[in-house]
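# Commentary on secondary and tertiary structure
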Amino acid sequence: IPPFFFIQNRFLRLLGIFIVSLIGQLLGTMMATRISNSEFDRMLTILHLDCNSKKFIEEFAPIAASTATNLSIGLTKALLYMQGLFAAGNYDEAIKEGEKALAYNTVKSKVNEYLTRTSVCQYLIMSYCEKGDTAKAAALFRELEESASHTHSEPVLEAKARSIVDLTRDYIKYTVNPQFCDATITDEEYLLCESNFEKVILRYQLGRLYFRAGEKALAQQCFSYVA
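Here is what the cut-offs are and how they apply
Chains are numbered independently. Their residues run from 1 in the order of the written sequence. Where local features are concerned, this predicted model is filtered to residues with pLDDT of at least 70; where side-chain atom pairs are given and counted, the filter is 80 or more; whole-chain, interface and lining totals use all residues. Side-chain measures were taken over the full set of non-hydrogen atoms in the model, leaving aside hydrogen atoms and water. Secondary structure is summarised from DSSP: a helix means a run of H or I of at least four residues, a strand means a run of E of at least two, and numbering begins at the N terminus for each. For this analysis, a salt bridge means a side-chain nitrogen from Lys or Arg found within 4 Å of a carboxyl oxygen belonging to Asp or Glu. Exposure categories follow from relative accessible area, calculated using a 1.4 Å probe and restricted to protein chains: below 20% of the type maximum is buried, above 50% is exposed, and the middle band is partly exposed. Confidence per residue, as judged by the predictor, is encoded in pLDDT with a range of 0 to 100. Put simply, buried Ala, Val, Leu, Ile, Met, Phe, Trp, Tyr and Cys residues joined by side-chain atoms within 4.5 Å make one nonpolar core. Contacts were defined at the residue level, with two residues in contact if any of their heavy atoms lie within 4.5 Å. Think of it this way: a Phe, Tyr or Trp ring, Trp meaning its six-membered ring, pairs with another when their centres are within 6.5 Å, and the plane angle makes it stacked under 30 degrees, edge-to-face over 60, tilted otherwise.

We note that C51 has phi near 55°; this positive angle belongs to a residue other than glycine. The residue C51 is located in the loop between helix 1 (10-49) and helix 2 (53-65) in this model.

Here it is, written out as structure tokens:
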């Protein structure tokens, strides 16, 4: 700013200061966003690629505890944190995070927000199942279907939501009656997985269902993939 004091014209001097300040703010914002995205990607790599849930929870906990600026960020943070907690077996904490996320106001939500909410319901239901509370899991399934129904305007997102609904229904069903396990993974469901984490979780869940049903050869195939 000091060099602009040599400009005699007061208007041009103030205009120059304003332009330089604006450019500085824009550059600062761009740099901060880039650093933030890079750090966020690093943490997702820990969870989705390294599958190190313990380290992810330690790194992500401060972010999960921060106040979200909007609904999309709030739901996404809750979902990612729940994924890490569930993978680590911290079902009580995953339930707390999920219940807090479902309390967000979604009256005028976007389609992608409803899809994220559907996934939050999924991990909350699975956590209930792992705690043995299948009654709560079954009751929450209606909320999951309701959230998924709002994705019909986007075919790709609707397909993902439908896959989540089907997988969650099976999870509840085979948690209650593992002897009736006939779970399969369709090519369509597998192609919808966007990360190694999702593919591993899908195979892991299927392996657990087969194991409960006594189909140990099929379970071993799934667990070998997970390993």
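And the narrative resumes.
The next thing to look at is the pattern of salt bridges. Here the structure, examined in full by the defined rule, presents 7 salt bridges. Here R169 and D166 are joined by a salt bridge, their closest N and O atoms 3.1 Å apart. With R169 and D166 both in helix 7 (residues 155-176) and 3 residues apart, the pair spans about one turn of that helix. Of the residues examined, R169 reaches a relative accessible area of 37% and is grouped as partly exposed. Here the residues in one salt-bridge network are E145, D166 and R169, joined through shared partners.

With that settled, consider the confidence of the model for the protein chain. With 88% of its residues at a pLDDT of at least 70, the protein chain reaches an overall mean of 83. Of all helices and strands in the protein chain, the one with the weakest mean pLDDT is helix 8 (residues 187-191) (61), whereas helix 4 (residues 91-102) scores best (94).

Attention shifts here to the nonpolar core. If you look at the biggest cluster of nonpolar residues, it comprises 43 residues, and the most contacted ones within it are F56, F60, Y123, L124, I125 and L144. Those elements that place two or more of their residues in this core are helix 1, helix 2, helix 3 (71-87), helix 4, helix 5 (111-130), helix 6 (134-149), helix 7 and helix 9 (196-212). Ignoring sequence-local partners within four residues, the contact set of F56 consists of M43, I46, L47, L80, Y81 and G84.

Relative to the elements of secondary structure, C121 occurs in helix 5. Between the C-alpha atom of C121 and that of T168, which follows or precedes it by 47 residues, the distance is 9.1 Å.

Take the packing of aromatic side chains next. Centre distance and the angle of the planes are the two values used to describe a pair of aromatic rings. Per the counting criterion, the structure on display carries 5 aromatic pairs. Aromatic pair F56 and F60: ring centres 4.9 Å apart, planes at 15°, arrangement stacked. With F56 and F60 both in helix 2 and 4 residues apart, the pair spans about one turn of that helix. Across the pair, F60 and F56 agree in class, each one buried. Here F60 and Y81 contribute two aromatic rings whose centre-to-centre distance is 6.1 Å and whose plane-to-plane angle is 35°, an arrangement assigned as tilted. Highlighted residues: F60 in helix 2 and Y81 in helix 3, separated in sequence by 21 residues. Exposure remark for F60: the relative accessible area of 0% places this residue in the buried category. The rings of F56, F60 and Y81 are connected pair by pair, giving a single aromatic cluster.

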